[in-house]
Amino acid sequence: MSDTFNFPKRLTAGYQDFLAGRFPAERNRFRQLAEGQSPEIMVIGCCDSRVAPELIFDAGPGEIFVLRNVANLVPPYEPDSHYHGTSSAIEFAVNGLNVKHIVVMGHASCGGIRSYYDDAEPLAKGDFIGKWMSQIEETARKVDRTGQRQDDLRRLELRVVEHSLKNLMTFPYIRQRVERGELQLHGAYFGVATGLLFIRDPHSGEFVPFGEGPADDLATGRAA
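It should be emphasised that the depicted structure is a prediction, and the values quoted were computed from it without experimental measurement.

Basis of the calculations
- Residues numbered from 1 in each chain as written.
- Predicted model: local features only at pLDDT ≥ 70, side-chain atom pairs only at ≥ 80, totals over all residues.
- Heavy atoms only, no water.
- Pairing = 2+ DSSP bridges.
- Helix = DSSP H or I, 4+ residues; strand = E, 2+ residues; numbered from the N terminus.
- Salt bridge = Lys/Arg side-chain N within 4 Å of Asp/Glu carboxyl O.
- Buried < 20%, exposed > 50% of the residue type's maximum accessible area, 1.4 Å probe, protein only.
- Contact = heavy atoms within 4.5 Å.
- Patch = residues over 30% accessible without salt bridge, like charges linked within 9 Å, V, L, I, M, F, W, Y side chains within 5 Å.
- Areas by Shrake-Rupley, 256 points an atom, 1.4 Å probe, with all protein chains shown as cover.

*Asks:* Give me the lowdown on the pairing of strand E6 (residues 207-210), citing residues and values where you can.
*Replies:* Remark: a regular strand shows side chains that alternate across the two faces of the sheet. Summarising the sheet, strand E5 (residues 197-200) and E6 pair through 4 bridges and their orientation is antiparallel. By the bridge assignment for E6, Arg-200 is matched with Phe-207. Following E5, the chain reverses through 6 residues before pairing antiparallel with E6; Gly-205 in that reversal takes a positive phi of roughly 80°.

As structure tokens, this is what we get:
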């Protein structure tokens, strides 16, 4: 294969494996998907390369509609003339695909949340990350800092999941569907090092470990 375009070799090698293995095994599935998609679940996750929802949930093509951005943030509903990539994906998932579940999944060691916590210097003149993360300013003020950096970061990571869930309810069509029982919202948190998934109890607000596995050093999942 020609190297003319300097396309990443990791991707060309992976594509060859896909053509030789997964695609033939799921050819009929891909043919069906060419006609359209109908996932029942939307996952809003972080764009961090270590946290791929399709891998974590062992999902095949067409099973989940995934939106990823810095720190799995959902901005409030703002129907104005600005560009809204996250809101447009949510609009399509809910009004176009009629998903039945939206899962907001945070994760340990989130770089976007760490940059906010540390008041890090901008990576570029435009400081898109800083402006994006400024959304959580009010939420972050409600998280008491204990002085234990890792604990404080984790508490903020959990609180940001709740922040996004709250903002989802500012979308009129989401609120209506939730109130009619047609749509359910969920919070989750993934431990990168442990592989442990925490699921938010909507009644207590605690993030409870799901399944069997060694306990993470997150003693409690409460996002207080």
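*Asks:* So what about the pattern of salt bridges? Which residues, and what values?
*Replies:* The full count for this structure, using the stated rule, is 9 salt bridges. The partner of Arg-22 in a salt bridge is Glu-26, and the shortest N-O contact between them spans 2.5 Å. Here Arg-50 and Asp-48 are joined by a salt bridge, their closest N and O atoms 2.6 Å apart. The exposure class assigned to Arg-50 is partly exposed, which follows from its relative accessible area of 42%. For Asp-48, a relative accessible area of 13% corresponds to the buried category. Three or more residues are tied together by salt bridges with common partners; here these are Arg-159, Glu-162 and Arg-200.

*Asks:* Give me the environment of Phe-65: which residues, what numbers.
*Replies:* Mapped onto the elements, Phe-65 comes out in strand E2 (residues 64-69). For the pair Phe-65 and Glu-40, spaced 25 residues apart in the sequence, the C-alpha separation amounts to 8.0 Å. Setting aside its immediate chain neighbours within four residues, Phe-65 contacts Gln-37, Pro-39, Ile-41, Met-42, Val-43, Ala-89, Phe-92, Ala-93 and Leu-97.

*Asks:* Give a description of the pairing of E5 that names residues and reports values.
*Replies:* Across 3 bridges, the pairing between strand E4 (residues 184-190) and E5 is antiparallel. Looking at E5, one finds that Ala-188 is bridged to Ile-199. Hairpin connection of E4 to E5: 6 residues between the antiparallel strands, including Gly-195 at a positive phi of 75°.

*Asks:* With reference to specific residues and values, describe a nonpolar patch on the surface.
*Replies:* A cluster of nonpolar residues, Phe-5, Phe-7 and Leu-11, forms a patch on the protein surface that exposes about 400 Å² of accessible area. Of note, Phe-7 is situated in the segment before helix H1 (9-20).

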